[in-house]
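In case you want the letters, here they are:
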Number of protein chains: 2
Amino acid sequence: MSTRPSSAVSRRGLLTSVALLPSLPAVLTATTANAQAAAGVLPSWNDGPAKQAIIEFVKATTTKGSPNFVPPAERIAEFDQDGTLWVEHPVYTQIVYCLDHVGALVKDKPELKDREPFKTVLSGDREAIAKLSMRDFFEIALATQSGMTVEEFRVDVDKWLATAKHPRWNRLYTELVYQPMLEVLHYLRANGYRTFIATGGSAGFVREYSDRVYGIPPEQVAGTEQAFKYGYDKGQRPILTREPKLVLDNLEAGKIENFWLMYGRRPYAAFGNSSSDDQQMLEYVKAGTGARLSAVVMHDDATREYAYGPAQGLPDTKIGTLSQDMYDMAKRQGWAIISMKNDWKRLFAFDR
Amino acid sequence: MSTRPSSAVSRRGLLTSVALLPSLPAVLTATTANAQAAAGVLPSWNDGPAKQAIIEFVKATTTKGSPNFVPPAERIAEFDQDGTLWVEHPVYTQIVYCLDHVGALVKDKPELKDREPFKTVLSGDREAIAKLSMRDFFEIALATQSGMTVEEFRVDVDKWLATAKHPRWNRLYTELVYQPMLEVLHYLRANGYRTFIATGGSAGFVREYSDRVYGIPPEQVAGTEQAFKYGYDKGQRPILTREPKLVLDNLEAGKIENFWLMYGRRPYAAFGNSSSDDQQMLEYVKAGTGARLSAVVMHDDATREYAYGPAQGLPDTKIGTLSQDMYDMAKRQGWAIISMKNDWKRLFAFDR
């Protein structure tokens with residue numbers, strides 16, 4: 001967790017460097033886009049290049065007669081979750097869920113107590129835990145999320161989500177979704193887009209609340225995912241059980257590779273924040289024909305949230321890192337760059 | 001391919017054994033269902049228990065106030081493709097596509113010429129080819145459908161579909177879709193259901209025509225699928241390439257396991273025909289709470305199509321086999337049993 005003062009953020013001159021989707025034809029004049037904004041679109045956003053890029057993209061792809069018009073069936077927008085739709089610091093929420101289950105796991109399987117990465121988790125040493133790799137966390141996830149039926153898992157996730165709270169805000173994790181991004185989801189859907197999540201976390205976890213929290217149904221959530229196994233319970237009823245075997249790995253380029261595998265489409269818009277699993281998705285989306293929107297959320301608001309990312313001269317916390325390479329790519333290719341500090345009037349629905 | 005006379009079909013007394021979804025509450029009287037039928041629902045179907053089961057299922061799950069009412073967001077119906085939506089004999093269409101590409105493949109890689117299963121394919125010995133296992137065909141599919149970008153594959157499939165013809169009817173394969181099943185797809189969608197395909201074949205192949213032919217968009221097609229790999233072309237543009245590695249295997253229970261992995265839902269209705277990949281899906285759907293429809297298409301019409309399946313006392317051709325075990329399960333659990341010969345007035349749109 002970083003608590004550096006937010007003044008550090010201005011070092012890179014974020015506002016002046018924001019790219020404005022230069023490849024978009026001027027279907028809308030800036031005045032029209034501003035009129036839209038004034039009329040109540042994206043109300044939690046400050047006027048600025050990021051908000052304007054989103055509005056211009058939607059106009060360009062949904063206005064009949066526009067050279068970049070996209071038929072409704074092809075209007076697909078993809079969103080990363082952690083750090084893009086909700087808070088990912090100090091630890092990814094799903095990892096907190098898994099860590100909360102390690103105790104019960106080693107009760108069942110005491111032999112894991114002395115094996116890494118379980119040993120480190122049980123030590124309670126927060127610094128050591130923070131240094132575990134994503135592969136370590138996948139191992140913990142597979143161990144703690146396997147062996148039960150899909151229904152048992154759902155019940156357990158629901159129960160956890162209803163009680164577990166983020167230590168900084170003392171609120172449920174599902175309250176820590178970014179209000180400005182909820183408005184983007186709503187705005188895109190109001191314009192005929194279907195919204196999808198592609199997460200480095202496991203799809204089954206996110207599906208448990210995606211509809212209620214984001215308005216995104218389970219079948220539009222792609223994630224890293226383990227295998228399921230068909231079998232029968234004691235009453236000979238057929239069941240599906242979660243297996244400790246990774247089938248889809250959404251880290252790095254896996255996010256777009258598996259999105260294609262699952263849906264056979266290249267999205268028209270993509271929102272992400274992290275070099276660990278969003279960079280290739282955003283690059284691939286932006287490289288498509290016609291008007292495309294790739295957008296990166298920058299965590300530069302230590303006062304209202306967290307500030308991190310080496311591309312901004314901020315600490316590399318290894319969680320949701322925005323690398324220099326990804327930042328340079330964003331500028332070069334004309335992605336929308338979203339500054340939490342400057343572009344968002346408020347972060348959460350409970351901010352008044 | 002079986003050419004046994006269709007009279008063989010009556011041996012098992014199909015009509016009398018058709019199960020009528022006994023677990024459905026009588027939301028509709030038979031008279032109401034018949035009135036529906038008379039009003040033009042499913043016009044290519046003869047009146048009978050199969051048609052009635054479909055109509056009663058839709059009424060039970062979409063009538064407000066019905067104890068088995070299903071909210072629109074959860075209305076998902078799953079369809080097998082080969083043998084359920086289109087003709088699968090004498091060889092699965094996608095296998096014909098692959099076999100047509102083996103010649104070009106061995107030109108590029110002569111070392112495959114003497115290796116099985118390629119050697120058998122190149123021999124042209126139809127009997128030997130018909131004896132290849134599904135695993136052999138997966139190997140051929142991976143070898144012939146890999147190494148190109150996703151766009152190059154699409155172009156090749158489109159080209160093939162526009163010219164390749166079924167030897168018996170001398171028509172494009174996409175013309176050999178069952179008109180009564182197109183009506184079921186339409187009827188379900190008209191009642192708020194979203195229709196999905198789950199095929200033992202590869203999703204990428206089916207997605208190329210699923211929207212045009214079935215009204216099912218690519219993102220609602222699940223299949224056996226290989227890996228995709230992110231990379232760059234010579235101009236440094238990002239590309240996705242098809243890789244010779246199987247990620248999802250939809251044979252046997254894999255169809256429902258992977259449906260859950262991709263969409264996180266148990267369908268309310270499922271249509272299939274084969275023990276090789278539909279049995280567990282149909283069993284799992286039927287075991288869900290409330291009103292569920294599982295339906296099996298029986299190929300018992302040697303005159304208009306083909307007649308095969310040991311459960312009907314017909315030859316086991318190893319393609320789309322309906323086993324005795326699956327047939328007994330269908331009867332025991334009250335699946336709808338669809339006789340092509342007796343339930344369908346016409347098979348194809350071009351039948352007048």
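What you see is a predicted model, and the numbers here were worked out from it, not measured in a lab.

Peer 1: Report on the interface of chain B and chain A, specifying residues and quantitative values.
Peer 2: Across the boundary between the two partners, chain B contributes 36 residues, which contact 36 residues of chain A. Contact with chain A buries surface across chain B, with Glu219, Tyr230 and Leu261 of chain B losing the most and accounting together for 20% of the total. In this structure, the connection of chain B to chain A is made through six salt bridges. Across the pair Glu219 of chain B and Arg265 of chain A runs a salt bridge, and its minimum N-O distance is 2.8 Å. At the junction of chain B and chain A, the tally comes to 24 residue pairs in polar contact (both at pLDDT 80 or more).

Peer 1: Tell me about the pairing of strand β1 (residues 76-79) of chain A, and please be specific about residues and values.
Peer 2: All names here are of chain A. Covered by surrounding structure in β1 are Ile76 and Glu78 together with Ala77 and Phe79, the residues of both alternating faces. Relative to strand β4 (residues 194-202), β1 runs parallel, the two being bridged by four bridges. By the bridge assignment for β4, Glu78 is matched with Phe196. Note that β1 and strand β7 (residues 269-272) share three bridges and pair parallel. Each bridged residue has a counterpart across the sheet, and for Ala77 the counterpart in β7 is Ala269.

Peer 1: Pulling in residues and values, what's your account of the relation of the copies chain B and chain A?
Peer 2: Aligned on chain A, chain B shows an RMSD of 0.0 Å; the corresponding rotation is 180° and the shift along the axis is 0.0 Å. When the rotation and shift are considered jointly, the pair of chain copies conforms to a two-fold rotation axis. A symmetric contact is evident, with 100% of the interface residues of chain B recurring at the interface of chain A.

Peer 1: Break down the side chain of Glu305 of chain B for me, citing the residues and quoting the values.
Peer 2: Residues and elements named next belong to chain B. Turning to its location among the elements, Glu305 is positioned in the loop between β8 (293-298) and α14 (324-333). Buried and unpaired, Glu305 has no salt bridge, with Arg168 as the nearest side chain of opposite charge at 6.9 Å. Within the local environment of Glu305, its side chain forms a polar contact with the side chain of Tyr178, the two groups lying 2.4 Å apart. At 2.9 Å, the side chain of Glu305 and the side chain of His299 are in polar contact. Beyond its immediate sequence surroundings of up to four residues, Glu305 is in contact with Val87, Arg168, Trp169, Tyr178, His299, Met340 and Leu347.

Reading the values: the criteria
- Residues numbered from 1 in each chain as written.
- Chains lettered and ligands numbered in written order.
- Predicted model: local features only at pLDDT ≥ 70, side-chain atom pairs only at ≥ 80, totals over all residues.
- Heavy atoms only, no water.
- Contact = heavy atoms within 4.5 Å.
- Buried area = accessible area lost by both parts, 1.4 Å probe.
- Salt bridge = Lys/Arg side-chain N within 4 Å of Asp/Glu carboxyl O.
- Polar contact = N/O pair within 3.5 Å; in protein donor to acceptor, adjacent residues only side chain to side chain.
- Buried < 20%, exposed > 50% of the residue type's maximum accessible area, 1.4 Å probe, protein only.
- Helix = DSSP H or I, 4+ residues; strand = E, 2+ residues; numbered from the N terminus.
- Pairing = 2+ DSSP bridges.
- Least-squares fit on C-alpha atoms with pLDDT ≥ 70 in both.
- Lys, Arg positive; Asp, Glu negative; His and termini not counted.

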